[in-house]
Amino acid sequence: GGVNKKAQLTPSPLCPGLPSYLQSRAVLVYPSGGGLECGPTERESTCNDEPCPPTCEATDWQATGPCSASCGPGTVPQIRLLANCNEESRTARCELQDCPPVVDCKMSPWSDFSCSATCGGGVKSRTRSILQLPENGGLDCDATQQSAIESCNDDPCPIDCAVSRWIEVTGCSVTCGKGTIQQKRSVVQQAMHGGAACPTLERTVSCSKDPCPLDCKVSPWEPSTDCSVSCGGGTRQFVREVVTRPRAGGDECPELKKTDDCNMDPCPKDCEMSAWFLSECSATCGGGFLTMERNVLSPAIGGGEPCPKELRREQAPCNQHECPVDCEVSDWLDAPVDDEEGEGEELCITQCT
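Residues numbered from 1 in each chain as written. Predicted model: local features only at pLDDT ≥ 70, side-chain atom pairs only at ≥ 80, totals over all residues. Heavy atoms only, no water.

*Asks:* I'm lost on the sheet that holds strand β19 (residues 234-239) in this one. Help?
*Replies:* The strands that make up a sheet are held in pairs by hydrogen bonds between backbone atoms, and each pair lies either parallel or antiparallel. Taking strand neighbours across the sheet as the criterion, the 3 strands line up as β18-β19-β21 in an open arrangement whose pairing is antiparallel. Every other strand in the sheet has two partners, leaving β18 (222-223) and β21 (257-262) as the edge strands with one partner each. Relative to β21, β19 is paired through 6 bridges, and the arrangement is antiparallel. Residue pairing for β21: Arg-236 is matched across the bridge by Asp-260. (Pairing = 2+ DSSP bridges. Helix = DSSP H or I, 4+ residues; strand = E, 2+ residues; numbered from the N terminus.)

*Asks:* For this particular structure, what's the right way to read the side chain of Thr-291?
*Replies:* Relative to the elements of secondary structure, Thr-291 occurs in strand β24 (residues 288-293). Judged by its relative accessible area of 9%, Thr-291 falls in the buried class. Contacts of Thr-291, omitting those with residues within four sequence positions, involve Phe-277, Leu-278, Ser-279, Arg-312, Arg-313, Glu-314 and Gln-315. (Buried < 20%, exposed > 50% of the residue type's maximum accessible area, 1.4 Å probe, protein only. Contact = heavy atoms within 4.5 Å.)

*Asks:* Could you clarify how one ought to interpret the state of the cysteines in this entry?
*Replies:* Joining two cysteines, a disulfide is a covalent bond between their sulfur atoms. All told, the structure shown has 14 disulfides when counted by the stated rule. Across the disulfide, Cys-161 is cross-linked to Cys-198 (sulfur-sulfur distance 1.9 Å). Taking the torsion about the S-S bond as the criterion, the Cys-161 to Cys-198 disulfide, at about 95°, is right-handed. Here Cys-161 is found in the loop between β11 (147-152) and β12 (162-163), whereas its partner Cys-198 is found in the loop between β15 (187-189) and β16 (202-208), with 37 residues between them in sequence. For Cys-198, a relative accessible area of 31% gives the class partly exposed. In this model, Cys-176 is linked to Cys-212 through a disulfide, with the two sulfur atoms separated by 1.9 Å. (Disulfide = S-S within 2.5 Å.)

*Asks:* Just checking my understanding: could you explain the packing of aromatic side chains for this structure?
*Replies:* Where two aromatic rings form a pair, the distance of their centres and the angle of their planes describe that pair. Throughout the structure, instances matching the rule amount to 0 aromatic pairs. Above the ring of Trp-110, the side-chain terminus of Arg-126 is found at 4.6 Å from the ring centroid. Against the face of Phe-238 rests Lys-258, its NZ or CZ located 5.6 Å from the ring centre. (Phe/Tyr/Trp six-rings, centres within 6.5 Å; stacked < 30°, edge-to-face > 60°. Lys NZ or Arg CZ within 6 Å of the ring centre and 35° of its normal.)

*Asks:* I tried to follow the sheet that holds strand β5 (residues 73-81) on my own but got confused; where do I start?
*Replies:* Spatially, the 3 strands line up as an open sheet ordered β4-β5-β6, and their pairing is antiparallel. Each of the sheet's edge strands pairs with one partner strand only, and the pair in question is β4 (62-63) and β6 (87-95). Across 9 bridges, the pairing between β5 and β6 is antiparallel. Its bridge partner being in β6, Leu-81 is matched across the sheet by Glu-87.

*Asks:* Before we go on, may I ask you to explain the side chain of Gln-183 in this structure?
*Replies:* Mapped onto the elements, Gln-183 comes out in strand β14 (residues 178-184). Under the relative-accessibility criterion, Gln-183 is labelled buried at 11%. Reaching out from Gln-183, the side chain makes a polar contact with the side chain of Arg-203 at a distance of 2.7 Å. Contacts of Gln-183, omitting those with residues within four sequence positions, involve Trp-166, Ile-167, Glu-168, Val-169, Leu-201, Glu-202, Arg-203 and Val-205. (Polar contact = N/O pair within 3.5 Å; in protein donor to acceptor, adjacent residues only side chain to side chain.)

*Asks:* Is there a simple way to explain the environment of Cys-141 in this structure?
*Replies:* With respect to the helices, strands and loops of the structure, Cys-141 is situated in the loop between β10 (130-132) and β11. Look at Cys-141 and you get partly exposed, because its relative accessible area is 21%. Sequence separation between Cys-141 and Asp-104 is 37 residues, and the spatial gap between their C-alpha atoms is 8.1 Å. What Cys-141 contacts, discounting residues up to four positions off in sequence, is Cys-105, Met-107, Ile-130, Gln-132, Leu-133, Pro-134 and Gln-146.

*Asks:* Sorry, what's going on with the pattern of salt bridges here?
*Replies:* Close approach of charged atoms allows side chains of opposite charge to pair. Applying the stated criterion to the full structure yields 5 salt bridges. Between Lys-258 and Asp-260 there is a salt bridge, and its shortest N-O distance comes to 3.2 Å. The partner of Arg-312 in a salt bridge is Glu-293, with the nearest N and O atoms 3.2 Å apart. Of this pair, Arg-312 sits in strand β26 (residues 312-318) while Glu-293 sits in strand β24, and the two are 19 residues apart along the sequence. For Arg-312, a relative accessible area of 57% gives the class exposed. (Salt bridge = Lys/Arg side-chain N within 4 Å of Asp/Glu carboxyl O.)

The structure is reproduced here in structure tokens:
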């Protein structure tokens, strides 16, 4: 069934001095046929069921945070507990230490303007730098006062003449070694607004082929030693150097050293004579002469001292006795004669002179 609520304020036995109220309900349908009985139609309900506030001991003020300033005057939050257990807060003055002097930001003078482009529109800017950063709460540096920008040099930029790449119009002028090639190019962009004029459009450049055959070239012969003798025929060494080495199949270098005859004229040599000697008598009888003689052992050569002309000197007579005269006979003649025995003999006719 429904409950008819009716509040009635009465003192509460659970908390003296605090209100309570009575709740009631009416029976709408009584039980019958074994139905459930109705319950109580009244009950007492309490109010302010929270525990009663305790009593507390009041405390001194205590800081709940740091001082708002590290130096100089500042504030600090504080709190204390009251006797009714409520908290009370306040903001108190604090000062930890004296502050150092305040230094404001200092800026340098502005620099000169400099344009970013010489033509075609640019920007010019000027700057200044921070000389002194702020300290101890001084005035901050204004970033907007560190640079300034304006437009500049809006005139069109000069356009230089532009040309194409070089192209060859002839082949190399030689088949070996170094030659030349003719080249040309065309104008792609004419100069404008005072730009650089077009360069030459034709030129001759060098070209290289395989090296041409080059024969070895050597320097003239130069003596490298003195003659081995001053006269009579000696030898002397000669050398020469390679001036150009052969390449590409050119003739190889000849010998670089040689030996030649030198001082072939005979050395000066004086005439060499034998000592004087006494010759035999010029006759064995009938009167002769003894002579002193000497012989040329070696004639003078190469401008040496010539031989003396006197080779013989007569000294004294010798073998003055008469010479013996031998018998002289004629030739044999065939004229037989008889001797006393009647035997024949050849007749020898002898004629003495």
